[in-house]
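Secondary and tertiary structure notes
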Amino acid sequence: MSLIQSPKPAPTPPTAPSPAGAATGADAERPRSGPAALLGLLTAAGGPRYAAALLVDALGTGLLRPFLLLYGIGVLALDAGTAGLAMSAGMVAGLLVLPLTGRWIDLGARSLPAAATLLVRAAGSVTLLLADGVAGFTAAAVLLGVGSQSWPATHAAVVSTLTEGRTRDAALAAGRTLRNAGLGAGALLATLAVAGGTGTLQLLAGVTAAACLLAAGLVHSLRVSAPAAEAPSPEPSAATAAPTTDPALRRITLLSVANLPFAFTFDVLEVALPALLVLHLHASAAWSSGIFVGNTVLVIALQLAVVLRLGERSRHTVLATGGIALTLSYLGFWAAGGLGGTAAAGAVAAVSVLYTFGEILYSGSGTALVAATAPPHLLGRALARWELSMGVGRALAPAALTALLAVGPGVLWPVLAGATLLSSVAVARLRPRG
């Protein structure tokens with residue numbers, strides 16, 4: 001466990017990557033593909049205890065949205081609008097806390113903030129069990145929102161401290177693969193809980209609280225903190241000047257702004273495509289379900305393999321390429337909608353494969369790019385800004401996408417394609433020169 005006691009050593013001088021895209025040293029030892037690669041990378045940062053915490057987070061993420069809404073409606077007898085408003089309050093609270101989480105990470109904390117996010121989620125689940133009305137449900141939603149919004153940044157900080165280079169990218173990709181699997185498994189558990197009645201929903205809330213509490217203890221036991229070299233060095237200027245004048249952090253801020261259209265990506269699958277298929281193309285809802293399942297399976301199967309395969313490529317280039325693929329898919333959805341009938345639904349399903357490829361490139365390079373670009377002593381703030389842009393984009397997406405689609409598909413897809421293309425160009429231009 002020496003890796004956990006003393007995080008990654010000072011980076012060695014860079015060497016040319018092998019043809020397969022792996023670096024020398026620790027990177028060269030990682031498994032290339034398949035289940036062994038996934039298992040090895042999940043335990044690369046923190047060992048089995050941290051991998052168990054990742055599993056809890058993945059299942060909790062899958063449960064969160066359907067479970068919270070169903071609990072509010074089925075157990076507390078709230079109307080859907082009230083429950084949805086409380087969940088939105090939880091998301092907003094989580095976004096407001098993100099900058100504080102980033103500063104906490106920059107103080108040198110690593111495993112403690114990650115454990116705290118799980119502990120807050122455990123408290124949210126307990127609050128849900130004790131709730132008897134709108135106030136209790138809102139308090140639970142806020143706690144769950146804060147814990148869930150802060151987790152990605154704290155997780156990336158832990159991985160960045162215990163790994164480096166392309167091993168870090170692959171470890172982050174492995175975590176996302178598990179997270180996507182957890183989305184499906186959690187949603188299935190929520191569905192089964194509904195069939196079992198309110199008692200099953202309450203049992204599920206209790207199990208979630210216990211699992212998050214256990215995972216928090218496991219993560220905290222790792223005792224990971226930033227090495228002394230990562231602490232900010234004294235500057236003659238004011239203490240607050242460093243974060244605002246650091247060129248790398250300014251670049252990450254611009255990347256985070258460019259990320260806003262990219263963040264709409266996930267709600268295209270969950271909001272725009274179902275609305276297009278059912279409301280405009282009058283296709284069966286089964287088409288939407290099939291596209292969603294297909295997307296999930298492809299992401300789980302290909303995310304890690306693609307990250308490993310593109311290990312030699314610039315992260316800026318991969319992210320920009322993902323944006324171009326998404327842009328082409330949006331134009332493809334626009335063209336497919338003009339066919340009408342079953343042919344249009346089939347064409348949308350076919351184009352969704354290109355969309356999924358763009359999503360894989362985007363999600364596999366975004367956080368990795370920020371982690372690789374950020375100065376070590378500003379890692380927390382950099383990750384928080386990236387996750388904040390992600391959260392703001394996802395908060396705006398449902399309303400923006402449905403409003404544009406209400407005007408017509410001929411408005412939605414060109415606007416979305418144009419915004420994503422501009423973001424891709426911005427990402428490419430933000431690549432350091434020389």
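Residues numbered from 1 in each chain as written. Predicted model: local features only at pLDDT ≥ 70, side-chain atom pairs only at ≥ 80, totals over all residues. Heavy atoms only, no water.

As for the overall build of the protein chain
Stated formally: The numbering of helices and of strands both runs from the N terminus, where a helix is a DSSP run of H or I of at least 4 residues and a strand a run of E of at least 2. Remark: exposure states derive from per-residue accessible area (1.4 Å probe, protein chains only) relative to the maximum for the residue type, with buried under 20%, exposed over 50%, and partly exposed in between. By definition, residues are in contact when any of their heavy atoms lie within 4.5 Å. Each accessible area value is a Shrake-Rupley result obtained with a 1.4 Å probe; residue values ignore everything except the protein chains displayed when judging cover.
Each helix and strand in the protein chain was counted, giving 17 helices and 0 strands. Buried positions account for 50% of the 434 residues belonging to the protein chain. Intrachain contacts of the protein chain at a sequence separation of at least 6 include 84% that bridge at least 24 residues. Approximately 18,300 Å² of the protein chain is accessible, and the part contributed by carbon and sulfur atoms is 71%.

As for the pattern of salt bridges
Formally: Salt bridge criterion: a side-chain nitrogen from Lys or Arg within 4 Å of a carboxyl oxygen from Asp or Glu.
All chains considered together, the criterion is met by 8 salt bridges. A salt bridge links Arg-168 to Asp-169; the nearest nitrogen and oxygen atoms lie 3.8 Å apart. Just as Arg-168 is buried, Asp-169 falls in that class too. The partner of Arg-315 in a salt bridge is Asp-169, and the shortest N-O contact between them spans 2.8 Å. Taken together, the positions of Arg-315 in helix α14 (residues 315–337) and Asp-169 in helix α8 (residues 165–195) put the pair 146 residues apart, joining distant regions of the chain. Side by side, Arg-315 and Asp-169 carry an identical accessibility label, which is buried. Ionic contacts of the salt-bridge type, sharing partners, join the residues Arg-166, Arg-168, Asp-169 and Arg-315 into one network.

Comments concerning the nonpolar core
To keep things clear, this is the line we draw: In this description, a nonpolar core means a group of buried Ala, Val, Leu, Ile, Met, Phe, Trp, Tyr and Cys residues linked to one another through side-chain atoms lying within 4.5 Å.
Ranked by size, the top nonpolar core spans 59 residues in total, and within it Val-268, Leu-273, Tyr-330, Phe-333, Val-348 and Trp-413 carry the most contacts. When residues of this core are assigned to their parent elements, the largest contribution, 10 residues, is made by helix α15 (residues 341–373). Non-local contacts of Phe-333, meaning those with residues more than four positions away in its chain, are made with Val-268, Leu-273, Val-348, Val-351, Ser-352, Tyr-355 and Trp-413.

Things to note about α14
Our working definition: Every helix has an expected span of 1.5 Å times one less than the residues it contains. Any pair of N or O atoms that falls within 3.5 Å is considered a polar contact. Within protein, one atom must be able to donate a hydrogen and the other to accept it, and sequence-neighbouring residues count only if both atoms are side-chain atoms.
Between its terminal C-alpha atoms α14 stretches 33 Å, which fits the 33 Å expected from 23 residues at 1.5 Å a residue. One side-chain oxygen of the residue at the start of α14 lies 3.2 Å from the amide nitrogen of His-316, identifying that residue as Ser-314.

Observations regarding the side chain of Thr-327
Mapped onto the elements, Thr-327 comes out in helix α14. When sequence neighbours within four positions are dropped, the list of residues in contact with Thr-327 reads Ala-417, Thr-420 and Leu-421.

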